[in-house]
Amino acid sequence: MSTRTETESEPAKPRAARAGTTGAAALPTAPCSVVWSKGHAYVLEGFRARWVGVDDRGRPQALSGAELQRRGWSRTRSTN
């Protein structure tokens, strides 16, 4: 397969597939959406627009969308 054919097929992929799971895409906005950050799951509370989960010691933790973007996130649990 030529290089030209491979690069032409790239725009046909959905945006989410190109972005991967690096967190570069926008966070989900539907209530009860789940994302992963630093090995922990965070759930979006729709009525407060904050992400809630637990820290390394199991204590409740609430993050804003901006904080979660800075920490990095993905839609799937990483194996780190």
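Since the model is a prediction, treat every value here as computed from it, not as a measurement. (Residues numbered from 1 in each chain as written. Predicted model: local features only at pLDDT ≥ 70, side-chain atom pairs only at ≥ 80, totals over all residues. Heavy atoms only, no water.)

### Points about the pattern of salt bridges
Enumeration according to the criterion identifies 2 salt bridges in this entry. Across the pair aspartate 55 and arginine 59 runs a salt bridge whose closest N-O atoms are separated by 2.8 Å. With relative accessibility at 17%, the residue aspartate 55 sits in the buried group. (Salt bridge = Lys/Arg side-chain N within 4 Å of Asp/Glu carboxyl O. Buried < 20%, exposed > 50% of the residue type's maximum accessible area, 1.4 Å probe, protein only.)

### With respect to the confidence of the model for the chain
Here the chain averages 77 in pLDDT, and 68% of its residues register 70 or above. Confidence drops under a pLDDT of 50 for residues 1-21, and excluding neighbours within four residues, the segment shows 8 contacts in the predicted structure. (pLDDT = per-residue confidence, 0-100. Contact = heavy atoms within 4.5 Å.)

### Some details on the sheet that holds strand E1 (residues 34-37)
Pairing is antiparallel across the open sheet formed by 4 strands, whose spatial order is E1-E2-E3-E4. The sheet is open, and its two borders are formed by E1 and strand E4 (60-63), each paired with just one other strand. Strand-to-strand twist of the sheet, defined as the mean angle between neighbouring strand axes without regard to direction, takes the value 35 degrees. Relative to E4, strand E3 (residues 50-54) runs antiparallel, the two being bridged by 4 bridges. For glycine 53, the partnering residue across the bridge sits in E4 and is glutamine 61. (Pairing = 2+ DSSP bridges. Helix = DSSP H or I, 4+ residues; strand = E, 2+ residues; numbered from the N terminus. Axes fitted to C-alpha atoms, helices over the stretch in contact; angles between N-to-C directions.)

### Structural notes on the environment of tryptophan 36
Here tryptophan 36 lies in strand E1. Judged by its relative accessible area of 22%, tryptophan 36 falls in the partly exposed class. Remark: the alpha-carbon pair of tryptophan 36 and glycine 72, spanning 36 residues in sequence, is separated by 8.6 Å.

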